[in-house]
Amino acid sequence: MAYDILIVNGQVVTATETLRADVAIVGDKVVEVAPNLRREGVGTLLDAAGNYVLPGGVDVHTHIDMPLTDTISSSDDFETGTRAAAFGGTTTVVDYAAQSRGQSLKEAIELWKAKARGKAVIDYGFHCIITDLTDSVIHETDELVAEGVSSFKVFMAYPGRLMLDDGAIFRLLQRSAVNGSLVCVHAENGGAIDVLVKQAVAAGNTEPKYHALTRPTIAEAEATGRAIALAEMADASVYIAHVSCQRALEQIEQGRMRGLPVMGETCPQYLFLSLENFDVPAWEGAKYVLTPPLREKWNQAKLWDGLASGALQVVSTDHCPFNFRGQKDFAGNNFTRIPNGGPGIENRLSLIFTGGVLSGRFSVNRFVDLVSTTPARIFGMYPRKGTIAAGSDADLVIFNPHRQYTITANSHHMRVDYSLYEGLSVTGVPEVVLSRGRIIVRSGAFEGVAGSGEFLSRSPSTALRQTTRG
Ligand code: URP
Ligand code: ZN
Ligand code: ZN
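Attention here is on the structure that accompanies the text.

So, how was this worked out
Residues numbered from 1 in each chain as written. Chains lettered and ligands numbered in written order. Predicted model: local features only at pLDDT ≥ 70, side-chain atom pairs only at ≥ 80, totals over all residues. Heavy atoms only, no water. Phe/Tyr/Trp six-rings, centres within 6.5 Å; stacked < 30°, edge-to-face > 60°. Helix = DSSP H or I, 4+ residues; strand = E, 2+ residues; numbered from the N terminus. Buried < 20%, exposed > 50% of the residue type's maximum accessible area, 1.4 Å probe, protein only. Lys NZ or Arg CZ within 6 Å of the ring centre and 35° of its normal. Core = buried A, V, L, I, M, F, W, Y, C linked by side-chain atoms within 4.5 Å. Contact = heavy atoms within 4.5 Å. Donors = N, O, S within 2.8 Å, 3.2 Å for Na, K, Ca; no water. Tetrahedral: all angles 85-135°; square planar, octahedral: opposite > 155°, others 65-115°. Lys, Arg positive; Asp, Glu negative; His and termini not counted. Salt bridge = Lys/Arg side-chain N within 4 Å of Asp/Glu carboxyl O. Near = heavy atom within 4 Å. Polar contact = N/O pair within 3.5 Å; in protein donor to acceptor, adjacent residues only side chain to side chain. 1 Å grid on protein atoms, 1.4 Å probe; cavity = no way out; pocket = protein on both sides within 12 Å on 5 of 7 lines; lining within 4 Å. Sits in = over half its atoms within 2 Å of the grid points. Expected span 1.5 Å × (residues − 1). Pairing = 2+ DSSP bridges. Right-handed = clockwise from strand over helix to strand, strands pointing away.

Next up on the list: the packing of aromatic side chains. Aromatic ring pairs are defined here through the distance separating the ring centres and the angle between the ring planes. Applying the stated criterion across every chain yields a total of 16 aromatic pairs. Ring geometry for phenylalanine 126 versus phenylalanine 455: centroids 6.0 Å apart, planes at 25°, classification stacked. Placement of the pair is phenylalanine 126 in strand 10 (residues 123-129) and phenylalanine 455 in the segment after strand 19 (445-446), with a sequence separation of 329 residues. Of the residues examined, phenylalanine 126 reaches a relative accessible area of 0% and is grouped as buried. The class of phenylalanine 455 is partly exposed, set by a relative accessible area of 23%. When the centroid spacing of 5.1 Å and the interplanar angle of 75° are considered together, the rings of phenylalanine 353 and phenylalanine 399 count as edge-to-face. Pair noted here: phenylalanine 353 is in helix 11 (residues 348-358) and phenylalanine 399 is in strand 16 (residues 396-406), with a separation of 46 residues, a long-range link. For phenylalanine 353, a relative accessible area of 1% corresponds to the buried category. Owing to a relative accessible area of 0%, phenylalanine 399 belongs among the buried residues under this scheme. Chaining the aromatic ring pairs together yields one cluster made of Tyr52, Phe353, Phe367 and Phe399. Above the ring of phenylalanine 446, the side-chain terminus of arginine 83 is found at 5.9 Å from the ring centroid.

Here you go:
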């Protein structure tokens, strides 16, 4: 059989091994991974000498084209957002489709499918955010799982807007244990935070940094512990989204030590940024208003340790970009009106490779595990996504582990006017990116096609009972 594409001379890296092998592709699949494959008749030969060949990144937490108010939506649509993801070596996203009050979950998913159709350049799936948990919505979750939407998100924050009470979250967790779905939790104590916010505003403390200071780590830790307790009572798994601090991480560690199927993700912003980022001219701080907020710097080392030890299993981005000019700066002198969220879909692999592998915190295999394999496993896409093996989708990254670059909004591909990491030097660059056997990025140029990304019907999780690493 002649291969359509053959990648030669690279070091193939998966979550479990590093080997010198060629990777052969026919159509949209990897068909062979072995040394010295036949080169005769090959359509395209890609030389990966000096580079790693990685499975494409899997980012399981994004908010692309997400309406926040009637007039403000996150600034990337599915074309610009997924193109930026591709430049950064990510070939799969699982985006959060949000149910409006009174809306069925199916309507929310159809709306998000319409946003992505004709635009996405890489494959995409959806979680569904549940904001209105009626009896019919509980039943609908079974149907969504059957249609490939096998995870849901609930908020323990933002009362009156997004928050579900403990009873509703508990009911959803019970149902998830029956239908095989996974509940992702935004864990912050919304009631207490709302009181702190009102008190800060009344005292005239309205600058951006007060967004962070009114959301203390104990509010995240308390809600994380409560989410884990609710899951334990429901005999369900639970996935804690965007863990930002040591106190919340401790709750996850304790749950896992007790053998509970608790999983957690963190995001690059919590590993690289801190409260010190608010030390900028007052309203520039709006760039760093995201939720959960940035924390005291010492938390970063604890989160890195959690990634190395296996207490945290995933690095996602929570990519939720809003322009500084015209979106974030519209808030006037009031942090409560700043759109929450920041950009990052393009930077994840370089940041985690630099901070994790090159800093000696974990191996290149653990890096692949965190940014690709385990997210694919937890969210029901493995082994189609998240590894390099015969039969897997040919979503691949030829990754140069030596090339350095400086992150800047002037050259990034996200449709947003600032970078959270402006001026930061990182090492590790995707030189060639393939999505299902098509070259979509090569030598800094985009070669993909809008609309070539497909909706991914995901299985119930294959890692639901995974309480330890491996
Ligand atoms: O500030 C953030 N992260 N906005 C996105 C919504 C969320 O809670 O993940
Ligand atoms: Zn959240
Ligand atoms: Zn989010």
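Quick look at the nonpolar core now. Ranked by size, the top nonpolar core spans 109 residues in total, and within it Leu173, Val185, Ile240 and Phe367 carry the most contacts. When residues of this core are assigned to their parent elements, the largest contribution, 7 residues, is made by helix 7 (residues 217-234). Those residues in contact with valine 185 that lie beyond four places of it in its chain are Val154, Met156, Ala227, Val238, Tyr239, Ile240 and Ala241. If you look at the next biggest cluster of nonpolar residues, it comprises 19 residues, including Tyr96, Ile129, Cys184 and Tyr239.

Right, let's talk about the coordination of the zinc ion (ligand 3) for a bit. Distances from the zinc ion (ligand 3) to its protein donors, namely His61 (NE2), His63 (NE2) and Asp318 (OD), fall within the range 2.0 to 2.1 Å. Here the zinc ion (ligand 3) is ringed by 4 donor atoms whose angles at the metal span 87 to 128°, and the overall shape comes out tetrahedral. One chain supplies every donor for the zinc ion (ligand 3), spaced along it as H-x1-H-x254-D. Separation of the zinc ion (ligand 3) from the zinc ion (ligand 2) amounts to 3.9 Å. With histidine 61 in strand 8 (residues 57-62) and aspartate 318 in the loop between strand 15 (314-315) and helix 11, the pair connects residues that are 257 residues apart, well separated along the chain. Assessed through its relative accessible area of 0%, histidine 61 is described here as buried.

Right, let's talk about the side chain of lysine 328 for a bit. You can see lysine 328 is positioned in the loop between strand 15 and helix 11. Aspartate 417 is the oppositely charged side chain nearest to the buried, salt-bridge-free lysine 328, at an N-O distance of 9.4 Å. Lysine 328 has contacts with Ala286, Lys287, Val289, Phe322, Asn323, Ile338, Pro339, Asn340, Gly341 and Tyr418, leaving out every residue within four places of it along the chain.

Before going further, it helps to examine the site of ligand 1. Taken together, the residues surrounding ligand 1 are His61, His63, Lys153, Phe155, His186, His242, Leu290, Thr291, Asp318, Cys320, Asn340 and Gly341. Separating an oxygen atom of ligand 1 from a side-chain N or O atom of histidine 63 is a distance of 3.2 Å. Between ligand 1 and lysine 153 there is a distance of 3.1 Å, counted from an oxygen atom to a side-chain nitrogen or oxygen. According to the grid-proximity analysis, the pocket containing ligand 1 is the largest pocket.

A separate point is the coordination of the zinc ion (ligand 2). Donor atoms from the polypeptide that bind the zinc ion (ligand 2) are Lys153 (NZ), His186 (ND1) and His242 (NE2), placed at 2.1 to 2.2 Å. Of note, the zinc ion (ligand 2) draws all its donor residues from one chain, in the sequence arrangement K-x32-H-x55-H. Judged by relative accessible area, which is 1%, lysine 153 ranks as buried. The exposure class of histidine 186 is buried, given its relative accessible area of 2%.

On to the environment of leucine 213, then. Here leucine 213 shows up in helix 6 (residues 209-213). The partly exposed category is assigned to leucine 213, whose relative accessible area is 47%. Sequence separation between leucine 213 and leucine 351 is 138 residues, and the spatial gap between their C-alpha atoms is 26 Å.

For valine 8, the location among the structural elements is in strand 1 (residues 5-8). In this structure valine 8 comes out as buried when scored by relative accessible area, which is 1%. Dropping the residues within four chain positions of it, valine 8 is found in contact with Asp22, Arg39, Leu45, Leu46, Asp47, Ala48 and Ala49.

The next thing to look at is helix 8 (residues 246-257). With 12 residues, helix 8 extends 16 Å between its outermost C-alpha atoms, agreeing within 8% with the 16 Å of an ideal straight helix rising 1.5 Å per residue. The set of residues buried in helix 8 consists of Gln246, Ala248, Leu249, Ile252, Gly255 and Arg256.

So, on to the pairing of strand 12 (residues 182-186). The side chains of a regular strand alternate, first on one face of the sheet and then on the other. Of all 5 residues that make up strand 12, 5 are buried, and the element is covered over most of its length. Residues Leu182, Cys184 and His186 line one face of strand 12 and the alternating positions Val183 and Val185 line the opposite face, and both faces are buried. Looking at chain direction, strand 11 (residues 151-155) and strand 12 are connected through 5 bridges and run parallel. Counted as the bridge partner of valine 154 is valine 185 from strand 12. On the question of chirality, the crossover connecting strand 11 to the parallel strand 12 by way of helix 4 (residues 166-179) is right-handed. Where strand 12 and strand 13 (residues 238-240) come together, 2 bridges link them in parallel fashion. Directly across from cysteine 184, in strand 13, lies its bridge partner tyrosine 239.

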